[in-house]
Amino acid sequence: MTGARTVGKSTLLAACAAAHGVDVVDLDEIATRRAVTAGPGLFVSADRPVPVCVDEFQHVPTLLDSIKAELDQDLRPGRYLLTGSTRYETLPAASQSLTGRAHVATMWPLSQGELLARRETALDALVSDPTALISAEPTDASRADYERIVLTGGFPLALARPAGRSRDRWFRDFVTLVLERDVLEIRKVRQRQVLPQILRRLVGQTAQVLNISHVADAVGLEGSVARTTSACSRPCSWSTERPQSTAGQTR
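The structure presented is a predicted model; accordingly, all values stated were derived computationally and were not measured.

Turning our attention to the packing of aromatic side chains. The way to describe two aromatic rings as a pair is by their centre distance and the angle between their planes. Across all of its chains, the model carries four aromatic pairs by this definition. With a centroid separation of 5.3 Å and 55 degrees between ring planes, the pair formed by phenylalanine 155 and phenylalanine 174 is classed as tilted. Pair noted here: phenylalanine 155 is in the loop between helix H8 (143–152) and helix H9 (156–159) and phenylalanine 174 is in helix H10 (residues 165–186), with a separation of 19 residues, a long-range link. Judged by its relative accessible area of 11%, phenylalanine 174 falls in the buried class. Consider the rings of tryptophan 170 and phenylalanine 174, whose centres lie 5.1 Å apart with planes at 10 degrees: the pair is stacked. Taken together, the residues tryptophan 170 and phenylalanine 174, both in helix H10 and four residues apart, mark about one turn of the helix. According to the relative accessible area criterion, tryptophan 170 is buried, its value standing at 10%. Members of the aromatic cluster, each reached through a chain of ring pairs, are Phe155, Trp170, Phe171 and Phe174.

Printed below as a string of structure tokens:
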């Protein structure tokens, strides 16, 4: 299970571990990380209680090789539950290790339905009865309401802060720390000072066609460099690109 930091992965993993009476191997802890790095096979061996729960697996990619070796001997599903703040497919070594042996799920921030404790049926309706989503009645929500919803987001720790300066400071610190800790750890960015600028431009193009040339011009970079640098935001689940739909595409 992957997703951005503080989205709730560790909380969910801890709940799953408690339900099965097992401990969590937390690789954010330096001592634990060193121990796992020194002997990854010991932490995923067949004699350990299942499921083996590992948090922030991306810190020790060789752990996935040890899991693969175990699964080659015993392919029972549900033996391992891993969470990480880096997308699985963006780790070069990992992309080869568990192909065909792992289910990868992304955990997103809380949705509006979760925040309001309501069951969401929009996606089901899009498949079964799209016309049910069409209404002649205008919405009661104002533009300001939509802005508030978007700017509030769904990160649990941010929601715990009062709206205003406290929450704004949380988001600023979050961006700064992830840039310095995760992005630069994953990718060796040569022009690291432009990464925050590119991130701001990507935010400005949310939910529309991404024009990387405009981003490059705005920050004074060549298009190829801007594209490579903007890709650094994807491993940490900061951005997701969707293919452009065309009139000839089928559902």
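Okay, back to it.
Tallying each qualifying case throughout the model produces eight salt bridges. Residue aspartate 28 is joined to arginine 5 by a salt bridge in which the shortest nitrogen-to-oxygen separation is 3.5 Å. Of this pair, aspartate 28 sits in the loop between strand S1 (24–26) and helix H2 (30–38) while arginine 5 sits in the segment before helix H1 (9–20), placing them 23 residues apart in sequence. With relative accessibility at 25%, the residue aspartate 28 sits in the partly exposed group. A salt bridge links arginine 143 to glutamate 147; the nearest nitrogen and oxygen atoms lie 3.4 Å apart.

Axis separation between helix H11 (residues 195–204) and helix H12 (residues 212–219) bottoms out at 10 Å; the angle between their running directions is 135 degrees. The pairing of H11 with H12 is recorded here as oblique in orientation. By crossing handedness, the relation of H11 to H12 is classed as right-handed. Along its contact with H11, which presents Gln197, Ile198 and Arg201, the element H12 presents Val215, Ala218 and Val219. Looking at side-chain class alone, the contact of H11 with H12 contains four nonpolar, one polar and one charged residues.

Looking now at the state of the cysteines. A full pass over the atoms with the stated rule returns zero disulfides. Of all cysteine sulfurs, the one in cysteine 53 lies closest to cysteine 16, which takes part in no disulfide; the gap is 6.8 Å. A residue is classified by how much of its surface remains accessible, and cysteine 53, at 1% relative accessible area, is buried.

Most of the time, phi is negative for any residue but glycine, and the peptide bond is trans. For the bond from valine 50 to proline 51, the omega torsion is -5 degrees, close enough to zero to count as cis. With respect to the helices and strands, the residue proline 51 is situated in the loop between helix H3 (40–43) and strand S2 (52–55). At glutamate 56, a position not held by glycine, the phi torsion is positive, near 60 degrees. Turning to its location among the elements, glutamate 56 is positioned in the loop between S2 and helix H4 (62–73).

Relative to the helices and strands, leucine 151 is located in helix H8. Counting along the chain gives 16 residues from leucine 151 to arginine 167, while the straight-line C-alpha distance between them is 9.9 Å.

Two elements, S2 and strand S3 (residues 80–83), share four bridges in a ladder whose sense is parallel. Each bridged residue has a counterpart across the sheet, and for valine 52 the counterpart in S3 is tyrosine 80. In terms of handedness, the path from S2 via H4 over to S3 forms a crossover that is right-handed.

Calculation rules
Residues numbered from 1 in each chain as written. Predicted model: local features only at pLDDT ≥ 70, side-chain atom pairs only at ≥ 80, totals over all residues. Heavy atoms only, no water. Phe/Tyr/Trp six-rings, centres within 6.5 Å; stacked < 30°, edge-to-face > 60°. Helix = DSSP H or I, 4+ residues; strand = E, 2+ residues; numbered from the N terminus. Buried < 20%, exposed > 50% of the residue type's maximum accessible area, 1.4 Å probe, protein only. Salt bridge = Lys/Arg side-chain N within 4 Å of Asp/Glu carboxyl O. Axes fitted to C-alpha atoms, helices over the stretch in contact; angles between N-to-C directions. Parallel < 35°, antiparallel > 145°, perpendicular 65-115°, else oblique. Left-handed = near helix turned anticlockwise from the far one by under 90°. Contact = heavy atoms within 4.5 Å. Nonpolar A, V, L, I, M, F, W, Y, C, P; charged D, E, K, R; others polar. Disulfide = S-S within 2.5 Å. Pairing = 2+ DSSP bridges. Right-handed = clockwise from strand over helix to strand, strands pointing away.

Structural measurements only, silent on function.
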